[in-house]
Amino acid sequence: MDSQTASAERTVRDAPTTATLKPNALGVLGILFFVLSGQAPLTGIAGAAPISVALGNGSGTPAAYLLAGAVILLFSVGFVAMGRHVVDAGAFYTYIGTGLGRTAGAGSASVALFAYCVIQAAMYGLYGSIVSGLVADHTPLHVPWWVCTLVTMAVVQALGSAGIEMGARVLAVFVLAEFSILLVFGLVTLFKGGGPEGLGVADSFSPAAALQGAPGVAVMFAVASMFGFEATAIYGEEAKEPKKTVPRATYLSVIVVTVFFALTSWMLISAYGASKAPAAAGTALASGDSAGFVFAPIAGQFGGWINDVLPILLATSLFAGILTFHNSANRYLFSLGRDRQLPVCLCRLNSRLAPWTAGCVQTVIAVLLVVPFALAGKDPVLTLFSWFSGLAVLAMMLLYLLTSVSVVVFFRRRRVDGRMWNTLIAPVLGALGLAGAIWLILANFTTLIGGEASTAFWLVLSVPVVLALGVANERLRRRRTTPDAR
């Protein structure tokens, strides 16, 4: 075989495949449900709000959600602008690669895949613990948490293979259930004029309230609650009229999530009274039942029966998030296989045009992440959930920052959009806000994961290591496919 023939074969082998996901499968609402399920509203409120109120800025927690929402909204402006020119299931990987080059894109792809897999594993830990408790409470059986988790992995794999429309329908039911109870609680409390100290608008939204205590902790958890909104771009290939649907779904999701978290946390604080809420949250944390801070005022509003319903909704909230991140991760694997960054078999589709092989690989990754904690006998909430959720948030914030920089570079090089606000000002402001959020996360990372400083160090270190592995893989791939590479 001569060198020209060998070079031609390498070029063909390295060319992207033409496999495509099912088009026109999702509208704005379908994508919105995927985003909301990834953010798991009930899990976010029950998990983050008590810590923010007790250890952060107390009654000023709702203001932290508004600030985090403003930063993400600024980021979204450039994100959406670039999405009009780039539609791909790789989302961040493609966006960063288009603006900053294929090497940076490959590194970011590794970080994105890492983030989605570890957040899903984190949710599996909390989910397994909750379902195991529910089984013990309502039946004579005592099932280990990891058994519940492994069974659910099989269910998630089946739903992911059934097609994107089936996943959207399942998520719609679960998300509406948890969203409705919290929203009704918030609106009823609002229209009643709040709790014993009234609505306390100034106590929650004034500059003095926002800056009291440790506002960095509150903003950190508020930013963490926004995790998952970028899924709007991941489903661009499967969206109806993606250049219209994805922008609408992105802005709608950011606004809905920001208003929802700000309103719900405000009404929770109001239900206790702004002066008493921090102490109540601290008591709940000390008792080991932080969710009780959220469940108690809701039960007080609707009756004791809600205490039996909320744990079930918390489990379904987690299940919805798990399914969402399964779909996000397998689409990353699919995109990387299609672009020959990973084995091409990953872009194999089943009869429903769902990424079958990528879905199987993602499930195997989930097993490999979860099983070691079960074998070591670790507490799934204090270790698996706490460590991996904090790690995922840090990794995702880094991707947001790189995407903002890529947006600016892309539009400065390619003059395809003359809107300065959309292509320069908002992305730069968003990047500055995200850099500040990353600084807050690093400064408070031990608090975020609820672990020791040594654990925090190794978890933080894993993010640049994964980024470097992605870059190294891209360089090795180029050497294999480019005869003259040195």
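About the criteria used
- Residues numbered from 1 in each chain as written.
- Predicted model: local features only at pLDDT ≥ 70, side-chain atom pairs only at ≥ 80, totals over all residues.
- Heavy atoms only, no water.
- Helix = DSSP H or I, 4+ residues; strand = E, 2+ residues; numbered from the N terminus.
- Expected span 1.5 Å × (residues − 1).
- Buried < 20%, exposed > 50% of the residue type's maximum accessible area, 1.4 Å probe, protein only.
- Patch = residues over 30% accessible without salt bridge, like charges linked within 9 Å, V, L, I, M, F, W, Y side chains within 5 Å.
- Areas by Shrake-Rupley, 256 points an atom, 1.4 Å probe, with all protein chains shown as cover.
- Salt bridge = Lys/Arg side-chain N within 4 Å of Asp/Glu carboxyl O.
- Axes fitted to C-alpha atoms, helices over the stretch in contact; angles between N-to-C directions.
- Parallel < 35°, antiparallel > 145°, perpendicular 65-115°, else oblique.
- Contact = heavy atoms within 4.5 Å.
- Nonpolar A, V, L, I, M, F, W, Y, C, P; charged D, E, K, R; others polar.
- Phe/Tyr/Trp six-rings, centres within 6.5 Å; stacked < 30°, edge-to-face > 60°.

J.: Which residues make up helix α6 (residues 102-138), and what values go with them?
T.: Each α-helix winds once per 3.6 residues, and so residues spaced three or four apart point in a common direction. For α6, spanning 37 residues, the distance from its first C-alpha to its last is 53 Å, which sits close to the expected 54 Å at 1.5 Å a residue. Burial analysis of α6 places 28 of its 37 residues in the buried class, the great majority of the element.

J.: How would you sum up a nonpolar patch on the surface? Please name residues and give values.
T.: Where nonpolar side chains cluster on the molecular surface, the patch consists of M420, W421, I425, V428, L429 and L432 and spans about 550 Å² of accessible area. Looking at the secondary structure, you find M420 in helix α19 (residues 420-443). Judged by its relative accessible area of 44%, M420 falls in the partly exposed class.

J.: Report on the pattern of salt bridges, specifying residues and quantitative values.
T.: Summed over the entire model, instances satisfying the criterion amount to one salt bridge. R102 is the salt-bridge partner of E474, the closest N and O atoms lying 3.9 Å from each other. Note that E474 is positioned in helix α21 (residues 453-481) and R102 in helix α6, a separation of 372 residues in sequence. The exposure class of E474 is buried, given its relative accessible area of 0%. The exposure class of R102 is partly exposed, given its relative accessible area of 41%.

J.: Hey, could you go over the packing of helix α3 (residues 41-55) against helix α15 (residues 292-302) for me, with residue numbers and the actual values?
T.: The geometry of α3 relative to α15 is characterised by a closest axis approach of 8 Å and an angle of 110 degrees between their N-to-C directions. When the axes of α3 and α15 are compared, the pair comes out roughly perpendicular. Here L42, I45, A46, P50 and V53 of α3 lie close against α15, whose contacting residues are F293, V294 and F295. Residues of the contact of α3 with α15, tallied by class, amount to eight nonpolar, no polar and no charged.

J.: Give me the lowdown on the packing of aromatic side chains, citing residues and values where you can.
T.: Inspection of every chain in the model, using the stated rule, returns 15 aromatic pairs. Geometrically, the ring pair formed by F373 and F388 is edge-to-face, given 5.4 Å between the ring centres and 85 degrees between the ring planes. Within this pair, whereas F373 is found in helix α17 (residues 356-375), its partner F388 is found in helix α18 (residues 380-413), the two being separated by 15 residues in sequence. Judged by its relative accessible area of 10%, F388 is buried. Centre to centre, the rings of F457 and W458 are 5.2 Å apart; their planes meet at 75 degrees, and the pair counts as edge-to-face. Its relative accessible area of 49% is what places F457 among the partly exposed residues. Members of the aromatic cluster, joined through ring pairs, are Y65, F179, F260 and F261.

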